[in-house]
Amino acid sequence: MNARTRRVVIGTAAVSMALSLAACGKAGDGGSDGGGDGKTIGLLLPENKTTRYETFDRPIIEAKIKALCGDCEVKYNNAAQDTETQKKQFDALVTQGVKVIILDSVDYKATKSWVQQAEKKGVKVVAYDRLAEGPISAYVSYDNEKIGRLQGEALVKALGAKAKDANVVMINGSPTDPNAPLFKKGAHSVLDTGVKKVVYEQDIPDWSPDEANKKMGAAIDSLGKNGFQGVYSANDGMAGGIITALNKQGVKVPVGGQDAELAGLQRILKGDQAFTIYKQIKPEAETTAEIAVRLLKGEKIDDLVPTKVTSLTGEFKDIPAKLYDAQIVTKENIASTIVADGVYKAADICTAEYKAACDAAGVK
């Protein structure tokens, strides 16, 4: 099954799940009156191209909710990068009387009316990882502009003494993801002074590795094989597509990413990728789960959300938030970060193809 077919299948399944949830809501004690048993938390994640969501975020959130509230139920859906699918999933949860929804939005601008309508029915929405528009009850993520700065700093360091004379290609994230412009802004704040020039820049819809591959190919055609000395990639998935395009043309330059995906870590060990950004997902996910349970029980969350943020449009202000830090990961510190924290075991990373590279980097 190719990537496009897989996305269609996943999207169809997600729509089916949303519709079945809506049907269930009509028969339950929720209904359109917004009732509910006060024991259900909705969890809506945006996509499954990025491996972190199904591998880490979902199971960690579900486990923490269960640990804090043994008789609570989590109603989960993944939108497979489709905004309309996510709207149906969100509306279904509200219809069923779910009073707290953890929302990681596909398109942050689209959520304003959803969240406003939910608020009128007493539903509290916790924005997870991506800040949605609307009267959000809480937001848990990272300092995303700082992450962009870390990416820029890591690329400058990878370029070394030649950085000031280096031209760089920037492949940015999805325009519908509110984190993408923050990553871009942070990266630009470093690259605009740290390198000679950003000579080619594109935003990639849906964080698509295939599209990133195409844009990298177009950049090579436009600039020539020697027309750039480094590539900024907003995440590891796209870095994979970029590196494939570079390898096809025989171009070897530093490429960075984000998310510490398994494939990205293996590329780093092999020498194809220069770095990634490691964001500790467990504290982010567990804090979100605790906020959701407290909101469900009508308890205060002030100690969990010490910061205030404003939505990207500037319309919604003083949103209670918790923002976590991140760090640069290179070949030199995979063992002391990723492996030491139990994100992946050395055995997961060091398959036969990467065994020698692991041994050389001390990943055991």
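Please refer to the structure placed before this passage.
Residues numbered from 1 in each chain as written. Predicted model: local features only at pLDDT ≥ 70, side-chain atom pairs only at ≥ 80, totals over all residues. Heavy atoms only, no water.

S.K.: Sorry, what's going on with helix α7 (residues 209-223) here?
M.R.: Residue pairs three or four apart in sequence face the same way in an α-helix, which turns once every 3.6 residues. Taking 1.5 Å as the rise per residue, α7 with 15 residues should run 21 Å; its terminal C-alpha atoms sit 21 Å apart, in good agreement. The complete set of buried residues in α7 reads Ala212, Met216, Gly217, Ala219 and Ile220. All buried residues of α7 project into a common sector of 160° when viewed along the axis, lining one side. For α7, the exposed residues set more than 90 degrees away from the buried face come down to Lys214, Asp221 and Ser222. Just downstream of α7, Gly224 is the residue with a positive phi angle, here 90°. (Helix = DSSP H or I, 4+ residues; strand = E, 2+ residues; numbered from the N terminus. Expected span 1.5 Å × (residues − 1). Buried < 20%, exposed > 50% of the residue type's maximum accessible area, 1.4 Å probe, protein only. Arc of directions from axis to C-beta.)

S.K.: When you look at the nonpolar core in this model, what are you seeing that I'm missing?
M.R.: Across soluble globular proteins, nonpolar side chains show a tendency to be buried alongside one another. Among the nonpolar cores identified, the biggest contains 84 residues, and Met216, Val231 and Leu246 are the most heavily contacted of them. In this view, Leu246 contacts Met216, Ile220, Phe228, Val231, Val251, Val253 and Val255; residues no more than four positions away in its chain are not counted. In this structure, Ile101, Ala132, Ile136 and Val309 belong to the second largest nonpolar core, which totals 21 residues. (Core = buried A, V, L, I, M, F, W, Y, C linked by side-chain atoms within 4.5 Å. Contact = heavy atoms within 4.5 Å.)

S.K.: Can you walk me through the packing of helix α5 (residues 144-159) against helix α6 (residues 179-194) in this structure?
M.R.: Between α5 and α6, the shortest axis-to-axis distance is 7 Å and the interhelical angle comes to 40°. Note on packing geometry: the crossing formed by α5 with α6 is right-handed. Here α5 contributes Asn144, Glu145, Ile147, Gly148, Arg149, Gln151, Gly152, Glu153, Leu155 and Val156 to the contact with α6, which in turn contributes Asn179, Leu182, Phe183, Lys185, Gly186, Ala187, Ser189, Val190, Leu191 and Gly194. For the contact of α5 with α6, the per-class residue count stands at eight nonpolar, eight polar and four charged. (Axes fitted to C-alpha atoms, helices over the stretch in contact; angles between N-to-C directions. Left-handed = near helix turned anticlockwise from the far one by under 90°. Nonpolar A, V, L, I, M, F, W, Y, C, P; charged D, E, K, R; others polar.)

S.K.: For this particular structure, what's the right way to read the packing of aromatic side chains?
M.R.: Within a pair of aromatic rings, the relevant descriptors are the distance that separates the centres and the angle that separates the planes. Per the counting criterion, the structure on display carries three aromatic pairs. On the numbers, 5.6 Å between centres and 45° between planes, the contact of Phe90 with Trp114 is tilted. Taken together, the residues span a long stretch of sequence, with Phe90 in helix α3 (residues 83-95) and Trp114 in helix α4 (residues 111-120) at a distance of 24 residues. Taking relative accessible area as the criterion, Phe90 reaches 0% and is therefore assigned buried. Ring geometry for Phe183 and Trp207: centres 6.3 Å apart, planes at 70°, overall edge-to-face. With Phe183 in helix α6 and Trp207 in the loop between β7 (197-203) and α7, the pair connects residues that are 24 residues apart, well separated along the chain. Judged by relative accessible area, which is 3%, Phe183 ranks as buried. A relative accessible area of 7% means that Trp207 is categorised as buried. Sitting over the ring of Tyr53, Arg52 keeps its end group 5.0 Å from the ring centre. One residue, Lys322, lies across the ring of Tyr324, its end atom 5.0 Å from the ring centre. (Phe/Tyr/Trp six-rings, centres within 6.5 Å; stacked < 30°, edge-to-face > 60°. Lys NZ or Arg CZ within 6 Å of the ring centre and 35° of its normal.)

S.K.: Which parts of the structure should I look at to understand the sheet that holds strand β11 (residues 307-309)?
M.R.: Sheets are built from strands paired through backbone hydrogen bonds, the pairs being either parallel or antiparallel. Judged by pairing direction, the sheet is mixed, and its seven strands sit side by side in the order β2-β1-β3-β4-β5-β12-β11 without closing on themselves. Edge positions in the sheet fall to β2 (73-78) and β11, since each of these pairs with one other strand and no more. On average, adjacent strands in this sheet sit at an angle of 25° to one another, irrespective of strand direction. In this structure, strand β3 (residues 100-103) lies alongside strand β4 (residues 124-128), joined through four bridges in parallel fashion. Within the sheet, the bridge partner assigned to Ile101 lies in β4 and is Val125. (Pairing = 2+ DSSP bridges.)

S.K.: Teacher, can you tell me more about the side chain of Asn144 here?
M.R.: Here Asn144 shows up in helix α5. Apart from the residues within four sequence positions on either side, Asn144 is in contact with Asp129, Tyr139, Asn179, Leu182 and Phe183.

S.K.: Help me understand the packing of α3 against α4, please; the structure alone is not making it clear to me.
M.R.: A pair of packed helices is characterised by two quantities: the angle between their axes and the separation of those axes. Orientation of α3 relative to α4, taken along the N-to-C sense of each, is 0°, at an axis distance of 11 Å. With respect to α4, the axis of α3 lies roughly parallel. Two secondary-structure elements touch here, α3 through Thr83, Gln86, Lys87, Phe90 and Val94 and α4 through Trp114, Val115 and Ala118. The residue makeup of the contact of α3 with α4, split by class, is five nonpolar, two polar and one charged. (Parallel < 35°, antiparallel > 145°, perpendicular 65-115°, else oblique.)

S.K.: Would you take a moment to explain unusual backbone geometry for this structure?
M.R.: Most peptide bonds are trans, and most residues other than glycine sit at a negative phi. Non-glycine residue Asp206 carries a positive phi angle of around 60°. Structurally, Asp206 can be placed in the loop between β7 and α7. Unusually for a residue other than glycine, Trp207 sits at a positive phi of about 55°.

S.K.: For this particular structure, what's the right way to read the side chain of Asp104?
M.R.: Take Asp104: it is sitting in the loop between β3 and α4. Excluding its chain neighbours within four sequence positions, the residues that come into contact with Asp104 are Leu44, Leu45, Pro46, Tyr53, Gln86, Tyr128, Asp129 and Arg130.

S.K.: Sorry if this is basic, but what is going on with the pairing of strand β5 (residues 138-142) here?
M.R.: When a strand is regular, its side chains alternate between the sheet's two faces. Here β5 lies mainly inside the structure; five of its five residues are buried. Across three bridges, β4 lies against β5 in parallel orientation. Paired with Tyr128 across the bridge in β5 is Val140. Pairing of β5 with strand β12 (residues 319-324) involves four bridges; the strand directions are parallel. By the bridge assignment for β12, Tyr139 is matched with Ala321.

S.K.: Would you take a moment to explain the environment of Asp348 for this structure?
M.R.: Within the secondary structure, Asp348 sits in helix α12 (residues 346-349). Asp348 gets classed as partly exposed once you look at its relative accessible area, which sits at 36%. With 86 residues separating them along the chain, Asp348 and Leu262 place their C-alpha atoms 8.0 Å apart. Asp348 has contacts with Leu262 and Gln266, leaving out every residue within four places of it along the chain.

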